[in-house]
Amino acid sequence: MFNDLFNRKPEDKPFLISGPCSAETEEQVLETCQRLAATGKVQALRAGIWKPRTKPGGFEGVGAKGLPWLKKASELTGLPVAVEVATAKHVEDCLAFGVDLVWVGARTTGNPFSVQEIANALRGVDIPVLVKNPIHPELELWIGAIERLQKAGLKQVGMIHRGFSSYGNTDYRNAPMWHLPIEMKRRLPELPILNDPSHICGRRDTLFGVAQQALDLDFDGTMIESHIDPDNAWSDAKQQITPEVLGQLITDLVWRHETTDKQEFLSALAGLRQQINNLDSEIIQLLGRRMAVAEKIGQYKKDNDITILQTARLNEIMERSKRQGAQVGLTEDFVEKYMEAVHLESVMRQEKVMQG
Ligand code: PEP
Ligand code: MN
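Residues numbered from 1 in each chain as written. Chains lettered and ligands numbered in written order. Predicted model: local features only at pLDDT ≥ 70, side-chain atom pairs only at ≥ 80, totals over all residues. Heavy atoms only, no water.

Naming follows an unreviewed UniProt entry, where the chain appears as chorismate mutase of Hymenobacter ginkgonis.

### What about the domain arrangement of the chain?
Our working rule: The split of the chain into domains comes from an automatic or database domain assignment.
For the chain, the assigned domains are domain 1 (3–252) and domain 2 (263–355). On a C-alpha basis, the centroid separation for the pair domain 1 and domain 2 is 41 Å.

### Focus on the UniProt feature "domain: Chorismate mutase" (unreviewed entry) in the chain
Condition: UniProt positions are given in the numbering used here, feature names are shortened, and annotations may be inferred rather than shown by experiment. For the purposes of this entry, the term helix denotes a DSSP run of H or I that reaches at least four residues, the term strand denotes a run of E that reaches at least two, and both are numbered from the N terminus.
UniProt annotation of "domain: Chorismate mutase" (unreviewed entry) refers to residues 263–354 when read in the numbering used here. Segment residues 263–354 splits into 88% helix and 0% strand. End C-alpha atoms: 55 Å apart.

### Quick word on the site of ligand 1
Defined as follows: One heavy atom within 4 Å of a molecule or strand is enough for the residue carrying it to be called near that molecule or strand. Any N or O atom pair separated by 3.5 Å or less is treated as a polar contact, with the protein-specific requirement of one donor-capable and one acceptor-capable atom, and with residues adjacent in sequence counted only for side-chain atom pairs. Surface exposure here means Shrake-Rupley accessible area, sampled with a 1.4 Å probe, where a residue is shielded only by the protein chains that are shown. When residues are grouped by polarity, Ala, Val, Leu, Ile, Met, Phe, Trp, Tyr, Cys and Pro land in nonpolar, Asp, Glu, Lys and Arg in charged, and all others, Gly among them, in polar.
Residues in contact with ligand 1, as listed here, are Cys21, Arg46, Lys51, Glu84, Trp103, Gly105, Ala106, Arg107, Lys132, Arg162, His199 and Glu225. Here an oxygen atom of ligand 1 and a side-chain polar atom of His199 are 3.3 Å apart. Calculation on ligand 1 without its partners gives an accessible area of 290 Å², and the protein chains cover 97% of this total. Among the residues forming the shell around ligand 1, the class breakdown is 3 nonpolar, 2 polar and 7 charged.

### Thoughts on a nonpolar patch on the surface
The condition is simple: Patch membership requires over 30% relative accessible area and the absence of a salt bridge. Like charges are linked within 9 Å, and nonpolar side chains (Val, Leu, Ile, Met, Phe, Trp, Tyr) within 5 Å. Salt bridges, as used here, are contacts in which a Lys or Arg side-chain nitrogen is within 4 Å of a carboxyl oxygen on Asp or Glu.
Side chains of Ile283, Val328, Leu330, Phe334 and Tyr338 sit close together on the surface and give an oily, nonpolar patch of about 450 Å² of accessible area. Note that Val328 resides in the loop between helix H13 (311–327) and helix H14 (332–355).

### Side note on the packing of aromatic side chains
Which entries qualify depends on this criterion: Working definition: a ring pair exists when centres of Phe, Tyr or Trp rings (six-membered ring for Trp) sit within 6.5 Å. Plane angles under 30 degrees give stacked, over 60 give edge-to-face, the rest tilted.
On inspection of all chains with the given rule, the structure shows 4 aromatic pairs. Seen from their ring centres, Phe59 and Trp234 are 5.1 Å apart, and the 90° between their planes marks the pair as edge-to-face. One end of the pair, Phe59, is in the loop between strand E2 (44–46) and helix H3 (67–77); the other, Trp234, is in the loop between strand E8 (221–225) and helix H11 (243–252), and 175 residues separate them in sequence.

### Describing the sheet that holds strand E1 (residues 15–19)
Here is the rule: A pair of strands counts as paired when DSSP detects no fewer than two bridges linking them. Axis definition: a line fitted to C-alpha atoms, over the contacting stretch in the case of helices. Angles run 0 to 180 degrees between N-to-C directions. Only heavy atoms matter for contacts: two residues are in contact if any of them lie within 4.5 Å across the pair.
Within the closed barrel, the 8 strands sit side by side as E1-E2-E3-E4-E5-E6-E7-E8. Their pairing is parallel. Between one strand axis and the next, the sheet turns by 30° as a mean value, whatever way the strands run. Alignment of E2 against strand E3 (residues 81–85), held across 2 bridges, turns out to be parallel. Considered in E3, the bridge of Arg46 is made with Ala82. Across the face of the sheet, helix H7 (residues 139–151) comes into contact with strand E4 (101–104), strand E5 (129–132), strand E6 (157–161) and strand E7 (193–195) while running at roughly 155° to E6.

### Considering the coordination of the manganese ion (ligand 2)
How we decide: Each metal's donors comprise the N, O and S atoms found within 2.8 Å of it (within 3.2 Å for Na, K or Ca). Water is not part of the atom list, so some coordination spheres may appear incomplete. Three exposure classes are used, based on accessible area relative to the maximum for each residue type with a 1.4 Å probe and protein chains only: buried under 20%, partly exposed in between, and exposed over 50%.
The protein atoms donating to the manganese ion (ligand 2) are Cys21 (SG), His199 (NE2), Glu225 (OE) and Asp236 (OD), with metal-donor distances spanning 2.0 to 2.4 Å. One chain supplies every donor to the manganese ion (ligand 2), and in sequence these donors are spaced C-x177-H-x25-E-x10-D. With a gap of 215 residues between them, Cys21 in the loop between E1 and helix H2 (26–39) and Asp236 in the loop between E8 and H11 connect regions that are remote in the sequence. The exposure classification of Cys21 matches that of Asp236, with both residues buried.

### Structural notes on the UniProt feature "coiled-coil region" (unreviewed entry) in the chain
Under the feature "coiled-coil region" (unreviewed entry), the UniProt entry names residues 262–289. Between the first and last C-alpha atoms of residues 262–289 the distance is 41 Å; the span itself is 96% helix and 0% strand.

### Section: the nonpolar core
The line we're drawing: Put simply, buried Ala, Val, Leu, Ile, Met, Phe, Trp, Tyr and Cys residues joined by side-chain atoms within 4.5 Å make one nonpolar core.
Judged by nonpolar contacts, the single largest core of 64 residues is most densely connected at Leu122, Trp142, Ile146 and Leu149. Core analysis: the next-biggest nonpolar cluster, separate from the first, contains 13 residues, Ala82, Leu101, Leu130 and Met223 among them.

### What to know about helix H6 (residues 112–122)
Which entries qualify depends on this criterion: Here, the arc refers to the directions that run from the helix axis to the C-beta atoms.
Buried residues of H6: Ser114, Val115, Ile118, Ala119 and Leu122, and no others. Seen along its axis, H6 keeps its buried residues to an arc of 135°; they face one direction. Where H6 begins, the side chain of Asn111 points an oxygen toward the backbone nitrogen of Phe113, at a separation of 3.0 Å. Among the residues trailing H6, Gly124 stands out with phi positive, at a value near 80°.

So, in structure tokens, the structure goes:
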């Protein structure tokens, strides 16, 4: 059922899981799921049954009574269903009602006790499990949660990138921090990874851009929330879209492949990559030379009892680099990060000389 997700073939289309943030009523679940199925773009349905809310008093989900609604939606559409689990009891309820896939929510991934409890409850069950990234940018916790499930014998484990919480962020509800899922893909290349633009964006108008970016980064698909009446949804109203809008969004996405056998493209790419390799070698050689000069300065500073760190000099380096960077199209943010790393390494080298 989830073969297209766990045994990806190069020609496979993006895998799309969609459904409401929360199951609210039987009618809402059935209508949403049937309209989603009618788009022909959805491979699996989702709905939150138990909702972890930041503060008490919000809608906390309909609970297990929503599971038969999902089962019915699955029977009517022929599509498998996915539900978020946070406790062993949730797992038992899902298994009892024939839920096809479960996912671990962002708030749960960050708690090893809960993940272990879920892993134990799933022991011996061959059901696919997707693990959302933890709320804060902590890769080892994300990997740890995956390992706990794999150690419990689960063979079909995948990842969902839903962005990371950061105080005062206005562009995104949860910042994508793309380098983190990229690092996860590098560390766990055999695991499928979906993008969840709904919880990254927190609003409708930017969903497409994030979903497209994920596909451009070779994600295997997306999980997007959809509701028949988004403005009146009981949770996450601002980010949900109707099934028809979702169908159009998926149609508009450009699906790029990691590779191709077109000879012309491959040789052009190889040529450009060779240029990149040459430039990278030059940069590395130059950095080596820069550090050797820094060490020499360290020796002079040591001989004359001068401190390593001189903030006026650091400011001068930064300002000049940013000015020069701007002239060749480098962003200020990039130059700052890069020069900070270079400067820190210089300081460390000089510290070694001083202590030597
Ligand atoms: C959800 O998918 O509805 C959800 C609660 O997501 P997250 O765990 O990413 O906050
Ligand atoms: Mn939601």
